[in-house]
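Here's the letter readout for the chains.
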Amino acid sequence: MHAAPAVLLLLLGGWLLLRRHGLWYDELYTAEVAPLPLADLWQAFVRGEGTIAYLRDAPPSYNFPYYVVAHVWLAATGLAADEAGLRLLSLLAMAAAVVVVGLVGTRLGGPRAGLAAGLAMAANPFVVQFSAEARGYALAVFATALSALGLVRWLDGGRSLRLYGGAGAVAGLMHWFALLPVAALAVAAVVLKGRRDARPVLATAALASLPALAVIGTAVANGVGDSGAEWISDVGLAVPRLLMKSWTAAHPALLVITLAAAAIGLARGGRIPRTVAGAWVLLPVVTVTVVEVVRPVFVDRYLLPSLAGLAVLVGLGVAVLPRRAGVAALAAVVAVSAWATVDDVRLGPKEDVRSAVAHLAAWARPGEPIVAAARWDALGVEHYARRHHRQLVAQLVLPPSPVPDEPVMWVVRRAKGGVKGDRTKLEALDQELGRRSLRLTDERRFDGRYADVLVQRWS
């Protein structure tokens, strides 16, 4: 029974992985940094220095532990740091995560709750999307689920909190936002056991947070701070709405079914189950919403480890229904989730720099400069030129190199996305090309979910 969610996740996530969408900016950074020697990674992390010439102010800081795991994974498996090798690690981690979420649901509400929780999560479009992404989110979800399992075992009379604390520490290292659900689980223990009896949980949670806090402290001390977060938008009190939009891929039917099942789970799931699952998802969302009023911090994928609690709530809601109604509800959750996932996967890559570089390889003549308009563009252009079209490498002009004075040149830029400073540089580039009497003579757009990539010919 516990294997069914993993099989479903592997099918859906594997389908997405086999589509081999090109890497987008964050994944490209992983592909460039993870293969580096561990000594070089460590030095870059401690000193706060980027390992890429045009990204000196973007060191492997907060995500340093994930890059170490990815490095070890690549070394152990012999896989390449590409669309398959890096994403496979995430896929296996997320498959393990849905199994553990099912185990938590079983502990809290019985086998039906466990199966429903695991399947609801495995078929979910938001979960599937990040099950095939070369970042640490799947690992953070897996570790958070293990931490929740450890706490539930303790609530059932277990003496050891090692699983709760150890997995909680790993979750925070994979992404420090995962500390929010780990802390929320400690709050649930206080509510259920009282502050006195829950002291061991509070102490364990505090210890579990230290490794991640050390990583954060190192990043702040070496001057990284909140650099690189300029792109985060201010959404105010819209955090819950936007989070549910991501979880349901904006499918109204999935939104209604999810909210209904979760509400039933909160109302009828029993004191311990609803307290644990409710705290797991609701406290982090409330916390981020409150902080968002002060400064922008909300990124939907950062809260993915917290949303695993929503899957448990859905499982609890399905389990308390009469048997036939519960089977029908579970079938509806899985079917609508899978439908939304299929629609989501068909949307294509987040960025399609790979196709843009392939276009350049077909049309740019030898000697014609290929200008990456900003560092966001440079990372993908250099990566795919070096790996698949080496004849283009000599033609690349990457920031901060000046634009050469040539009668024909190619420019790769984003049509949307980036940060204010990069947009200013793009405007300056246009002005400079205009002063040289160059005009835009051809443009090709490569659509992406996060950003469109433009390949322009100026002559």
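Residues numbered from 1 in each chain as written. Predicted model: local features only at pLDDT ≥ 70, side-chain atom pairs only at ≥ 80, totals over all residues. Heavy atoms only, no water.

**Student:** Is there a simple way to explain the packing of aromatic side chains in this structure?
**Tutor:** The geometry of an aromatic ring pair is captured by the separation of the ring centres together with the interplanar angle, meaning the angle of the planes. If you walk through the whole model with that rule in mind, you get 12 aromatic pairs. An angle of 40 degrees between the planes, with centres 4.5 Å apart, marks the rings of Y25 and W376 as tilted. Taken together, the positions of Y25 in helix α2 (residues 25–33) and W376 in helix α18 (residues 375–388) put the pair 351 residues apart, joining distant regions of the chain. Owing to a relative accessible area of 14%, W376 belongs among the buried residues under this scheme. Feature note: the residues F126, F130, Y137, W176, F177 and Y302 constitute an aromatic cluster, connected by ring pairs. (Phe/Tyr/Trp six-rings, centres within 6.5 Å; stacked < 30°, edge-to-face > 60°. Helix = DSSP H or I, 4+ residues; strand = E, 2+ residues; numbered from the N terminus. Buried < 20%, exposed > 50% of the residue type's maximum accessible area, 1.4 Å probe, protein only.)

**Student:** Quick question: what am I supposed to make of the sheet that holds strand β3 (residues 409–414) here?
**Tutor:** The strands making up a sheet are joined through hydrogen bonds of the backbone, oriented either antiparallel or parallel. Pairing in this open sheet of 5 strands is mixed, and the strands run β2-β1-β3-β5-β4 from one edge to the other. Taken across any chain shown, the strands that pair with only one partner, and hence form the sheet edges, are β2 (396–397) and β4 (440–446). Where helix α17 (residues 353–363) meets the sheet, its contacts fall on β1 (370–372), β3, β4 and β5 (453–458), and the angle it forms with β5 comes to roughly 25 degrees. (Pairing = 2+ DSSP bridges. Contact = heavy atoms within 4.5 Å. Axes fitted to C-alpha atoms, helices over the stretch in contact; angles between N-to-C directions.)

**Student:** Just checking my understanding: could you explain the pattern of salt bridges for this structure?
**Tutor:** Side chains that differ in sign of charge can pair as their charged atoms come close. The final tally for this structure, using the stated rule, is 14 salt bridges. Notably, a salt bridge pairs R413 with D430, separated by 2.8 Å at the nearest N-O pair. Taken together, the positions of R413 in strand β3 and D430 in helix α19 (residues 420–435) put the pair 17 residues apart, joining distant regions of the chain. Residue R413 is classed as buried on the basis of its relative accessible area, which comes to 7%. Owing to a relative accessible area of 29%, D430 belongs among the partly exposed residues under this scheme. Members of the salt-bridge network, linked through shared partners, are R20, E83 and R354. (Salt bridge = Lys/Arg side-chain N within 4 Å of Asp/Glu carboxyl O.)

**Student:** Honestly, α17 in this entry has me stumped. Any pointers?
**Tutor:** Along an α-helix, residues three or four apart share an orientation, since each turn contains 3.6 residues. Every buried residue of α17 is accounted for by V353, A356, V357, H359 and L360. The arc that holds every buried residue of α17, seen down its axis, measures 155 degrees, which confines them to one face. If you follow the buried residues of α17, they end up packed against β1, α18, β3, β4 and β5. (Arc of directions from axis to C-beta.)

**Student:** Help me out: how do you make sense of the nonpolar core in this one?
**Tutor:** The nonpolar side chains of a soluble globular protein tend to be buried with one another. Counting residues in hydrophobic clusters, the biggest one holds 137 residues, and the most contacted among them are L9, M94, M121 and Y164. Ranked by residue count, the leading element in this core is helix α8 (residues 137–155), at 13 residues. Here Y164 is in contact with S147, G150, L151, V182, L185, A186, V201, T204 and A205, once residues within four sequence places are set aside. Of all hydrophobic cores here, the second largest spans 10 residues; its members include V371, V397, M409 and W458. (Core = buried A, V, L, I, M, F, W, Y, C linked by side-chain atoms within 4.5 Å.)

**Student:** Can you walk me through the environment of W458 in this structure?
**Tutor:** Mapped onto the elements, W458 comes out in strand β5. Using a relative accessible area of 9% as the deciding quantity, one classes W458 as buried. On a C-alpha basis, the gap between W458 and A93 in space is 45 Å, while along the polypeptide they are 365 residues apart. Of the polar contacts made by the side chain of W458, one reaches the side chain of Q456; its length is 3.1 Å. (Polar contact = N/O pair within 3.5 Å; in protein donor to acceptor, adjacent residues only side chain to side chain.)

**Student:** How do you make sense of unusual backbone geometry when you look at a structure like this?
**Tutor:** Trans peptide bonds make up most of the peptide bonds, and negative phi angles are found at most residues other than glycine. Put simply, P399 and P400 share a cis peptide bond, and its omega is 0 degrees. Its location among the elements puts P400 in the loop between β2 and β3. Of note, R20 is a non-glycine position whose phi angle comes to about 50 degrees, a positive value. Structurally, the position occupied by R20 is in the loop between α1 (3–18) and α2. You will see that A250, though not glycine, has its phi angle at about 65 degrees, which is positive. Within the element layout of this structure, A250 appears in the loop between α12 (239–247) and α13 (252–268). The exposure class of A250 is partly exposed, given its relative accessible area of 47%.

**Student:** What should I look at first to understand the packing of α17 against α18 in this one?
**Tutor:** To characterise two packed helices, one gives the angle between the axes of the helices and the distance between these axes. Where α17 meets α18, the axes come as close as 9 Å, and the angle between the chain directions of the two elements is 60 degrees. Relative to α18, the element α17 lies oblique. In the crossing of α17 with α18, the sense of the turn from one axis to the other is right-handed. On the side of α17, the interface is formed by V353, R354 and V357, while α18 contributes G380, V381, Y384 and A385. In terms of residue class, the contact of α17 with α18 is made up of 5 nonpolar, 1 polar and 1 charged. (Parallel < 35°, antiparallel > 145°, perpendicular 65-115°, else oblique. Left-handed = near helix turned anticlockwise from the far one by under 90°. Nonpolar A, V, L, I, M, F, W, Y, C, P; charged D, E, K, R; others polar.)

**Student:** Got a minute to help me understand empty space enclosed by the protein in this structure?
**Tutor:** In this approach the atoms are scanned with a rolling probe the size of a water molecule, which exposes any empty space left behind. Across all of its chains, the model carries 3 cavities of 30 Å³ or more by this definition. When its volume is computed, the largest cavity comes out at roughly 160 Å³. Considering the residues around the largest cavity, the lining is formed by 16 residues, among which L16, H21, A132, G348 and K350 are closest to the centre. For the lining of the largest cavity, the elements supplying multiple residues, two or more each, are α1 and α16 (323–345). A class-by-class count of the residues in the lining of the largest cavity yields 6 nonpolar, 4 polar and 6 charged. Reported here for the second largest cavity is a volume of approximately 50 Å³. In terms of lining residues, the second largest cavity is bounded by A120, N124, W247, L254, T258, A311, V314, V333 and S337. Taken together, the elements giving at least two residues each to the lining of the second largest cavity come down to α13, α15 (304–319) and α16. (1 Å grid on protein atoms, 1.4 Å probe; cavity = no way out; pocket = protein on both sides within 12 Å on 5 of 7 lines; lining within 4 Å. Points joined across faces, edges and corners; volume = space filled by probe spheres on them.)

**Student:** Please clarify how the confidence of the model for the protein should be interpreted in this entry.
**Tutor:** Parts of the model with low pLDDT should not have their predicted coordinates read in detail. Per-residue confidence for the protein gives a mean pLDDT of 93, with 96% of residues at or over 70. Segment residues 417–421: pLDDT under 50, and 6 contacts once partners within four positions in sequence are set aside and those in other chains are kept. (pLDDT = per-residue confidence, 0-100.)

**Student:** What is the right way to look at a nonpolar patch on the surface in this model?
**Tutor:** A contiguous nonpolar surface patch, about 220 Å² in accessible area, is contributed by V187, V191 and L283. Inspection of the secondary structure assignment puts L283 in helix α14 (residues 271–294). (Patch = residues over 30% accessible without salt bridge, like charges linked within 9 Å, V, L, I, M, F, W, Y side chains within 5 Å. Areas by Shrake-Rupley, 256 points an atom, 1.4 Å probe, with all protein chains shown as cover.)

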